[in-house]
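Here are the chains, one letter per residue:
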Amino acid sequence: MAAPNHIGGDDLSDIPKNIKKMALSRELKPTIRVGKSGITDNLILEITGQLSTKKLVKIKINRGLFQKSDFDSLWSHLAKTTNSTLVSARGNVGVLWKH
């Protein structure tokens, strides 16, 4: 059974419908992969850099790197440290939006 799709943070009304639709589209490919090094300062800088030129950044975390129970706090941490909004998180794939 697939994990539920969590969209947005506390206030979903702040996220425009077109952004939600783009974030959930399969056409949006991951541009950031989190590997065995995990969450590093360089990774945060790369995400921030991509968010400065793109509306959405899709991030994929290698399986087995973190426990499933850690993903919610991980996505929240990435959104907070990159000053962005988590639009979609489904397991090891998440989409951040810089508004």
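See the structure shown above.
Within any chain, residue numbers begin from 1 and follow the written order of that chain's sequence. This being a predicted model, a pLDDT of at least 70 is required before a residue's local features are given, and a value of 80 or more before pairs of side-chain atoms are given or counted; all residues contribute to the totals for chains, interfaces and linings. Derived side-chain values reflect all non-hydrogen atoms in the structure, with water molecules and hydrogen atoms excluded from consideration.

Visitor: Honestly, the overall build of the chain in this entry has me stumped. Any pointers?
Guide: Looking only at helices and strands, the chain features 3 helices and 4 strands. Segments assigned H or I by DSSP are reported as helices when at least four residues long, segments assigned E as strands when at least two residues long, and all are numbered from the N terminus. When the helices and strands of the chain are read in sequence order from the N terminus, they spell out α-β-α-β-α-β-β. Looking at the chain as a whole, 34% of its 99 residues are labelled buried. Between two residues, a contact is recorded if the distance between any of their heavy atoms is within 4.5 Å. Here the contacts in the chain between residues at least 6 apart in sequence split such that 66% fall between residues at least 24 apart. For the chain, the accessible area works out to roughly 6,500 Å², and carbon and sulfur atoms hold 51% of it. Using a 1.4 Å probe on the protein chains alone, a residue whose accessible area is under 20% of its type maximum counts as buried, one over 50% counts as exposed, and one in between counts as partly exposed. Only the protein chains shown count as cover for residues, with accessible areas throughout obtained via the Shrake-Rupley method and a probe of 1.4 Å.

Visitor: Can you walk me through the nonpolar core in this structure?
Guide: Taken as a class, soluble globular proteins show a tendency for nonpolar side chains to be buried jointly. Put simply, buried Ala, Val, Leu, Ile, Met, Phe, Trp, Tyr and Cys residues joined by side-chain atoms within 4.5 Å make one nonpolar core. One finds Ile47, Ile59, Trp75, Leu78 and Leu96 to be the most contacted residues of the largest nonpolar core, which totals 17 residues. Elements supplying a minimum of two residues to this core: strand E1 (32-34), helix H2 (41-53), strand E2 (56-61), helix H3 (71-81) and strand E3 (85-90). Examining the composition of this core, we find that 5 residues originate from one element, H3, more than from any other. Residue contacts for Ile59: discarding those within four places in its chain leaves Ile32, Val34, Ile47, Trp75, Leu78, Asn92, Val93, Gly94 and Leu96. Within the second largest apolar cluster, 7 residues are counted, among which are Ile15, Leu56, Val95 and Trp97.

Visitor: Can you walk me through the environment of Phe66 in this structure?
Guide: Mapping Phe66 onto the fold places it in the loop between E2 and H3. The class of Phe66 is partly exposed, set by a relative accessible area of 27%. The spacing of Phe66 and Gly38 is 28 residues in sequence and 8.8 Å in space, taken between C-alpha atoms. Contacts of Phe66, omitting those with residues within four sequence positions, involve Ile39, Ile61, Phe71 and Leu74.

Visitor: Help me understand H3 in this model?
Guide: An α-helix turns once every 3.6 residues. As a result, residues three or four positions apart point the same way. Phe71, Leu74, Trp75, Leu78 and Ala79 are the residues of H3 that are buried. The buried residues of H3 all sit within an arc of 130° when viewed along its axis, so they share a single face. Looking at the buried residues of H3, the elements they touch are H2, E2, E3 and strand E4 (93-97). Residue Asn83 follows H3 closely and has a positive phi angle near 55°. Here, the arc refers to the directions that run from the helix axis to the C-beta atoms.

Visitor: Would you mind showing me how to read the sheet that holds E4 here?
Guide: Sheet strands associate in pairs through backbone hydrogen bonding, adopting either a parallel or an antiparallel arrangement. Only strands joined by at least two bridges in the DSSP assignment are considered to pair. Strand order in the open sheet formed by 4 strands is E1-E2-E4-E3, and the pairing between neighbours is mixed. Among the strands making up the open sheet, the edge pair consists of E1 and E3. Neighbour-to-neighbour, the strand axes of the sheet open up by a mean angle of 20°, direction not taken into account. Across 3 bridges, E1 lies against E2 in parallel orientation. Opposite Val34, over in E2, you have Ile61 as the bridge partner. All axes here are fitted lines through C-alpha atoms, helices being fitted over the stretch that makes contact, and every angle between N-to-C directions spans 0 to 180 degrees. Sheet strands in contact with helix H1 (residues 17-24) are E2, E3 and E4, and its direction is about 35° off that of E3. Contacting E1, E2 and E4, H2 runs over the sheet at an angle of about 160° to E1.

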